[in-house]
Amino acid sequence: MPGNRSSSFIVLCALALAGCSAESRTVGADLPQTEPTGAQDPRAARYERNAYQVAQGGRYFTWYGCGSCHGSDAAGALNLNDRLWAHGSDLDQVYRFIAQGHGDARYGERIPVEQLWQITAYVRTLPQLKPEKRRRQDVDQVGEAQGDNWTGPVLP
């Protein structure tokens, strides 16, 4: 019977590890180095279905000052809580608008590609967030660096 216990333990450990895939973290050369190739880019799942990547996107959203215009109480075109976005809600459209469509901001020149993917994944989840969760995220990040006081990486 001892063999059965160790086999059961191994199976339970494997199942427990498999259950953590929604928060798995990928590091290395397989991370995107380019913008999405289209609305159905297969790399999107690594970000949009991963709680860690979406959470990081939320942090960068705050750090880069996106919440100053697109906060939970934003109205009209600045409201990201619905999918009525003037520039489209597909993955590639959201990414491209963040990177290139903000007038003189040129976020695509200042924010690394992986962080843009993470911000895009976060922004695309906003319509599914209940207002109280969005407010909780805002409160949780009050002490984080935001916008003008962000001193993180900036590309040349």
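As shown above, the structure is provided for reference.
Residues numbered from 1 in each chain as written. Predicted model: local features only at pLDDT ≥ 70, side-chain atom pairs only at ≥ 80, totals over all residues. Heavy atoms only, no water.

J.: Go over the packing of aromatic side chains with me, naming the residues and quoting the values.
T.: Here the structure, examined in full by the defined rule, presents five aromatic pairs. Measuring from centroid to centroid gives 5.3 Å for Tyr60 and Trp63, while their planes differ by 80°, and the two rings are edge-to-face. Taken together, the residues Tyr60 and Trp63, both in helix α3 (residues 51-63) and three residues apart, mark about one turn of the helix. Considered together, Tyr60 and Trp63 belong to a single accessibility category, that of buried residues. By way of ring pairs, the aromatic residues Tyr47, Tyr95 and Trp117 are connected into one cluster. (Phe/Tyr/Trp six-rings, centres within 6.5 Å; stacked < 30°, edge-to-face > 60°. Helix = DSSP H or I, 4+ residues; strand = E, 2+ residues; numbered from the N terminus. Buried < 20%, exposed > 50% of the residue type's maximum accessible area, 1.4 Å probe, protein only.)

J.: Give me the lowdown on the nonpolar core, citing residues and values where you can.
T.: Counting 26 residues, the largest nonpolar core has Phe61, Ile119 and Val123 as the members making the most contacts within it. Among the secondary structure elements, those contributing two or more residues to this core are α3, α5 (91-100) and α7 (113-125). If you tally residues by element for this core, the top one is α7, at six residues. Residue contacts for Phe61: discarding those within four places in its chain leaves Cys66, Gly67, His70, Leu80, Ile119, Tyr122, Val123 and Arg134. (Core = buried A, V, L, I, M, F, W, Y, C linked by side-chain atoms within 4.5 Å. Contact = heavy atoms within 4.5 Å.)

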